[in-house]
Amino acid sequence: MKSKSAWTGRSIAYHRSSLEGRSMVMLTPLVDMFTIMLIFLLMSYSTGGQMTYMAQSILMPESLSREQLEPAVEISVGTDRIYVDGVVIMDDLTEWQQTDKLLIPTLYEDLKMKAVKYKKMEESVPLFRFTGKATIQADKVIPFRFLKKVLYTADRADFPNISLAVFQKD
Amino acid sequence: MRSFPPRRKTFTGQMQAADVDLTPIMCLFIILVPLLLLTAVFERLAALKVGLPQASTLEAQEKPREPSGIVELRVLLQETGLSVEGTLSHDASGKEMDLYQDIRYEVPLVDDGRYDLPNLQVILKDLKRQYPKHEEVVLLVEDGVSYDTIVHTMDTCREEFFLHDGEKKRNPLFPAVVLSESFSEEKGFEGLREGTRTIDRELGLR
């Protein structure tokens, strides 16, 4: 009967001789890692949803809502600037945070021109319908004093169907 | 007794380990993993539909809605706390009252200065139980209240959550939320509403 140590010695010798001249890369841990990552990513993969512009400086509030965002004009309201569809249209809000006036002319002009453009598209593109939808992404510290001006301006510029974008809370 | 798995024998009679070709699976991983990482969503966004106050129009008057029992339900979101106001047209049994009844509940801030949203939901749940057909609530917000507080109050008004057989369920309360500014009797509506005619003319729209 052969001893265990004799088998082990022969096995090592066999491997050494058979792998001579070949670089040996251990792929098993890499395949394991990729498999785990693939399973995790496939589980968290989502096919639905709407691509949005998100300004880095804006931290939106969390909500329990599960409604999906719809394609719409995006108005992002930060503490210091306003973006429409990802483009900065106002970079100094000091005046508008203090005044009593509800209409913000710069925002109104931008939105109104978009509304006019979409209404013209409605006439030329058969399946396109302008529904006046706008999504507001606002920073959670914004006071209602300023938010109501954005809401009022969007409504006056023919965007009365307003949704608020929020982070989903579990 | 054989204690090792069978191994292939080459024509020379030498033992050789079975060799699995990992190249195709590695290629698949190298393509799939970066693709999924690029499209991964770590923060999910949601939408909160919000209504704006509308003026009474002839069109609205032409289409009378079935009475829900509540003429209007308002939640006042003030810096000092919450209030629920409303006018009831029907009693809980569904009979129209001769004289409409005003209701008002105060929900003061809790000790650490937070809004007492659980208490607000208890009041709203009670109203919903009595008047299940009513869907709309008007949120009257004071100027200094933050957007974060508004969203949390809207969540409280829209639906309740409860555990049923260990599963989290949601039940709608007043899902149609209208956002409006608060007003005081002394000052009327706050803010100055400017016309847009001048701007429209400058833009060449009129």
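Owing to the predicted nature of the structure, the values given are computational and were not obtained by experimental measurement.

The rules behind each value
- Residues numbered from 1 in each chain as written.
- Chains lettered and ligands numbered in written order.
- Predicted model: local features only at pLDDT ≥ 70, side-chain atom pairs only at ≥ 80, totals over all residues.
- Helix = DSSP H or I, 4+ residues; strand = E, 2+ residues; numbered from the N terminus.
- Buried ≥ 20, exposed ≤ 12 C-beta atoms within 10 Å, placed from the backbone.
- Contact = placed C-beta atoms within 7 Å.
- Core = buried A, V, L, I, M, F, W, Y, C linked by C-beta atoms within 7 Å.
- Nonpolar A, V, L, I, M, F, W, Y, C, P; charged D, E, K, R; others polar.
- Pairing = 2+ DSSP bridges.
- pLDDT = per-residue confidence, 0-100.
- Axes fitted to C-alpha atoms, helices over the stretch in contact; angles between N-to-C directions.
- Left-handed = near helix turned anticlockwise from the far one by under 90°.
- Expected span 1.5 Å × (residues − 1).
- Arc of directions from axis to C-beta.
- Parallel < 35°, antiparallel > 145°, perpendicular 65-115°, else oblique.

1. Overview of the overall build of chain A
- For chain A, the helix and strand inventory stands at five helices and six strands.
- When the helices and strands of chain A are read in sequence order from the N terminus, they spell out α-α-β-β-β-β-α-α-β-α-β.
- Looking at chain A as a whole, 26% of its 170 residues qualify as buried.
- A sequence separation of at least 24 residues applies to 67% of the contacts in chain A between residues at least 6 apart.

2. Concerning the nonpolar core
- By size, the foremost hydrophobic cluster in this structure holds 59 residues, and its most contacted members are A:Ile136, A:Val150, A:Ala154 and B:Leu139.
- A total of six residues in this core trace back to one element, the largest contributor, which is helix α5 (residues 144-156) of chain A.
- With sequence-adjacent residues up to four places away left out, A:Val150 is seen in contact with A:Ile75, A:Val77, A:Ile104, A:Leu107 and A:Ile136.

3. Side note on the interface of chain A and chain B
- Across the boundary between the two partners, chain A contributes 53 residues, which contact 41 residues of chain B.
- Elements represented by at least two residues in the side of chain A that touches chain B include exactly α1 (4-18), α2 (28-43), α4 (105-124), β5 (133-138), α5 and β6 (161-168) of chain A.
- Taken together, the residues that form the side of chain A that touches chain B break down as 31 nonpolar, 10 polar and 12 charged.
- With six bridges connecting them, β6(A) and strand β3 (residues 45-50) of chain B associate as antiparallel partners. Bridge pairing in β3(B) places A:Phe167 opposite B:Leu45.

4. A few points about the environment of B:Val138
- As for its position among the elements, B:Val138 is in strand β7 (residues 136-141).
- Look past the residues within four positions of B:Val138 in its chain and what remains in contact with it is B:Glu72, B:Leu73, B:Arg74, B:Val178 and B:Ser180.

5. Points about the confidence of the model for chain A
- In the predicted model, chain A carries a mean pLDDT of 83, and the fraction of residues at 70 or more is 83%.
- Averaged over each element, pLDDT in chain A is lowest for α1(A) (54) and highest for β5(A) (94).

6. Some thoughts on the pairing of strand β9 (residues 167-172) of chain B
- With zero of six residues buried, β9(B) is to be regarded as a mostly surface element.
- What sits between strand β8 (residues 159-164) of chain B and β9(B) in their antiparallel hairpin is a turn of two residues, with B:Asp165 showing a positive phi close to 55°.

7. Some words on the packing of α4(A) against α5(A)
Residue and element names in this part refer to chain A.
- Interaxial distance between α4 and α5 falls to 9 Å at its minimum, and their mutual angle equals 35°. Between α4 and α5 lies a crossing of right-handed hand. Counting all contacts with α4, which are made through Leu-107, Tyr-108 and Leu-111, the residues of α5 involved are Val-150, Thr-153, Ala-154 and Arg-156.
- Within the contact of α4 with α5, the residues separate by chemical class into five nonpolar, one polar and one charged.

8. Here we look at helix α3 (residues 117-130) of chain B
All names here are of chain B.
- Taking 1.5 Å per residue as the helical rise, α3 with its 14 residues ought to reach 20 Å, and the 20 Å between its terminal C-alpha atoms agrees with that figure.
- Of the positions making up α3, those classed as buried are Leu-120, Leu-124, Leu-127 and Lys-128. The arc that holds the buried residues of α3, viewed along the axis, is 100°, so those residues lie on one side. Of the exposed residues in α3, the ones pointing more than 90 degrees away from its buried face are Pro-118, Asp-126 and Arg-129.
- Buried positions along α3 lie against β4 (70-78), β5 (81-90), β6 (96-108) and α4 (147-158).

9. As for the environment of A:Glu74
- Inspection of the secondary structure puts A:Glu74 in strand β2 (residues 73-77).
- Contacts of A:Glu74, omitting those with residues within four sequence positions, involve A:Thr52, A:Tyr53, A:Asp85, A:Thr135 and A:Gln137.

10. Focus on the sheet that holds β6(B)
Residue and element names in this part refer to chain B.
- Strand order in this open sheet of five strands is β6-β5-β4-β7-β10, and the pairing throughout is mixed. Both outer strands of the open sheet, β6 and β10 (176-181), are each paired with one neighbouring strand and no more. Pairs of neighbouring strands in the sheet enclose a mean axial angle of 20°, with direction left out of account.
- With four bridges joining them, β4 and β7 adopt parallel strand pairing.

11. Some remarks on the pairing of β4(B)
All names here are of chain B.
- Direction of pairing for β4 relative to β5: antiparallel, over a ladder of eight bridges. Bridging across to β5, Val-75 finds its partner in Val-84.
- Hairpin connection of β4 to β5: two residues between the antiparallel strands.

12. Comments concerning the packing of α2(A) against helix α1 (residues 23-39) of chain B
- Running from N to C, α2(A) and α1(B) point in directions that differ by 40°, and their axes come no closer than 10 Å. What the angle tells us is that α2(A) and α1(B) run oblique. The two elements α2(A) and α1(B) cross, and the hand of that crossing is left-handed. Here α2(A) contributes A:Val31, A:Phe34, A:Met37, A:Leu38, A:Leu41 and A:Leu42 to the contact with α1(B), which in turn contributes B:Ile25, B:Phe29, B:Leu32, B:Val33, B:Leu36 and B:Leu37.
- Class assignment for the residues of the contact of α2(A) with α1(B) results in 12 nonpolar, no polar and no charged.

13. A word on unusual backbone geometry
Residues and elements named next belong to chain A.
- Phi angles above zero are rare outside glycine, and Asp-85 is one such case at about 50°.
- On the basis of neighbour count, Asp-85 is assigned to the partly exposed category, with 14 C-beta atoms found within 10 Å.
- In this structure, Asp-158 takes a positive phi of about 70° despite not being glycine.
- On the secondary structure map, Asp-158 appears in the loop between α5 and β6.
- On the basis of neighbour counts, which here come to 17 C-beta atoms within 10 Å, the residue Asp-158 falls in the partly exposed class.

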